[in-house]
Structure formats: C-alpha cells, structure tokens
Amino acid sequence: MTGPWTLPTQAALSGGAYAIRTDYRDILELLRWLGGQADPALDQAERWYVAMGLFYPEFDAMTQNVWPEATRFLAEFLAAGRREEPRPGPALMDWQQDAPLIAAGIGRAAGQDVRTLPYLHWWSFLALFDAIGEGNFATVVAIRDKLRRGRRLENWELDFYRTHRTLVELRPAATAEEQAEKQRLLAMLG
C-alpha cells in the first residue's frame, strides 16, 4: 500500500505490478458482490473470487500463489489503508439502500454532485464520505444506532423515524430464491 498522501493505482504483489480498478463506482459494485446482494447464492469464497476479478483487470493471468497477497491488498484498499476494527452488531448503513442519502451528503461535502465526475478514486470518495456532517444520512445512521443499542429516541427522532421508516430500517438482503424469481421474471420480459 502507499502512504497516506498518495492514491494507489496499482498493486505491487510478489514482485509484479498489477492494474487495479479504483473508481468509486467500480468499488461500490465490488462491495455489492462481496456483501452478497448481487448473487445471494454465492458463498463467501465465491464472492471474494468475483470481487478479485472485478478489482484486478488481469486477474485471469494472476497465478494462484499471488491470490492470498492480492486478497489482503484488496481488503486494505477497501479500508483505504486504515487499520480499524469492525464494529460489533448489525450494520448501520447499506451502500445500495442508502445511496441517495450518501450521494447528497458527499455532494454537499464536495460542493458538487460527484456522480457527474468521470472518475473519482475510492479513497477520495471515502474522504468525502467521512466529511458528511449533519443531514438526513447522519440522522438516519444515528437513529439506527440508537435502535440497535436499545436507547430511547428523542421526540424529534421518533417523529423522523415514524415519518421516514423506510429510510431508517435496513432491508434484508434478497434470498437466493427471491433472486432466482427476479431473474425468471426478467427473462420472461425479454
């Protein structure tokens, strides 16, 4: 990995340099696969295999002895080189479900809608994500955290929760059967 003031654009693995996909849209799609939302039927090893193929354009040419190092590099890249411990308990956010709220917060932090940019490095995207201050996304996450911990909501939070329940409650991931039914219906529609 590189230092904190540079943005990695390739992976140095076992003496070789490998291209990586670094645009935040590519990484969000990769996270969708890793999280099981893209195909719930895949097990964790299969999801990581797909993620590696999405992250490394030359993954097919990569020898298997490099895979463990490549997997560690990918995990560190996703965390922007940070060494943070995962928080215990259920997730407080979902990149897909919360996308409109996240985009609004990041747009406010960046001073423009980053979705219109042709390219934005994942680490720069995360820096903007970290800069999200007050707003609906912060409110939603704070309410989710209080609910998870069993803490009492303030009156205004309770009102917000009642009014925006679909924003606050995280939807469970689609099951393999639901995903198969969706694919069957899409196939019928052509």
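You'll find the structure just up there.
Given the structure is predicted, the values throughout are model-derived calculations rather than measurements.

About the thresholds
- Residues numbered from 1 in each chain as written.
- Predicted model: local features only at pLDDT ≥ 70, side-chain atom pairs only at ≥ 80, totals over all residues.
- Heavy atoms only, no water.
- Helix = DSSP H or I, 4+ residues; strand = E, 2+ residues; numbered from the N terminus.
- Buried < 20%, exposed > 50% of the residue type's maximum accessible area, 1.4 Å probe, protein only.
- Contact = heavy atoms within 4.5 Å.
- Areas by Shrake-Rupley, 256 points an atom, 1.4 Å probe, with all protein chains shown as cover.
- Core = buried A, V, L, I, M, F, W, Y, C linked by side-chain atoms within 4.5 Å.

Student: Could you give an account of the overall build of the protein chain, naming the residues involved and the relevant values?
Tutor: Looking only at helices and strands, one finds nine helices and two strands in the protein chain. Taken along the three principal axes of its C-alpha coordinates, the protein chain extends 60 × 50 × 35 Å. Within the protein chain, the fraction of its 190 residues that count as buried is 33%. Contacts spanning at least 24 positions in sequence make up 65% of the contacts within the protein chain whose residues lie at least 6 apart. Taken as a whole, the protein chain presents about 11,800 Å² of accessible surface, with 55% of it coming from carbon and sulfur.

Student: How would you explain the environment of Leu7 if you had to name every residue and give the values?
Tutor: Looking at the element boundaries, Leu7 is found in the segment before strand 1 (10-13). The spacing of Leu7 and Trp123 is 116 residues in sequence and 7.0 Å in space, taken between C-alpha atoms.

Student: Give a description of the nonpolar core that names residues and reports values.
Tutor: With 42 residues, the main nonpolar core has Leu13, Phe55, Tyr56 and Trp122 as its most contacted residues. Broken down by secondary-structure element, the contributors of at least two residues to this core are strand 1, helix 1 (24-34), helix 2 (44-55), helix 3 (67-78), helix 4 (99-110), helix 5 (122-130), helix 6 (136-149) and helix 7 (155-163). In contact with Trp122, not counting residues within four places along its chain, are Thr22, Tyr24, Ile27, Leu28, Leu31, Phe77, Leu78 and Trp95.

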